[in-house]
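Notes for the structure review
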Amino acid sequence: MTTTAAVTTGERASVREDLVTVLCGTIMISGLAIDGWAHKNVIDTLEGFFTPTTLSSTWVTA
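Values in this document were obtained by computation on a predicted structure and should not be read as measured data.

What follows covers the overall build of the protein chain. Assigned secondary structure in the protein chain consists of two helices and zero strands. Within the protein chain, the fraction of its 62 residues that count as buried is 13%. Accessible surface computed for the protein chain: about 5800 Å², of which carbon and sulfur atoms make up 65%.

Below, the structure written as structure tokens:
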């Protein structure tokens, strides 16, 4: 039994849209890595779960 899916041809993303997507993804992953580092190394000196990097990386990626 073989099923086939309908293929629709639509507009492809432009190079500019691809670069914006890559930039946003890079910022989000970098913020995640920095926040993880802060939770591993700085959380002992702060009282509470939220570090300054948590707040800054949340605002940058939002």
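After presenting the structure, the write-up continues.
Now for helix α1 (residues 15-41). Taking 1.5 Å as the rise per residue, α1 with 27 residues should run 39 Å; its terminal C-alpha atoms sit 39 Å apart, in good agreement. Buried within α1 we find G31, D35, A38 and H39.

Each value, and the rule that gives it
- Residues numbered from 1 in each chain as written.
- Predicted model: local features only at pLDDT ≥ 70, side-chain atom pairs only at ≥ 80, totals over all residues.
- Heavy atoms only, no water.
- Helix = DSSP H or I, 4+ residues; strand = E, 2+ residues; numbered from the N terminus.
- Buried < 20%, exposed > 50% of the residue type's maximum accessible area, 1.4 Å probe, protein only.
- Areas by Shrake-Rupley, 256 points an atom, 1.4 Å probe, with all protein chains shown as cover.
- Expected span 1.5 Å × (residues − 1).

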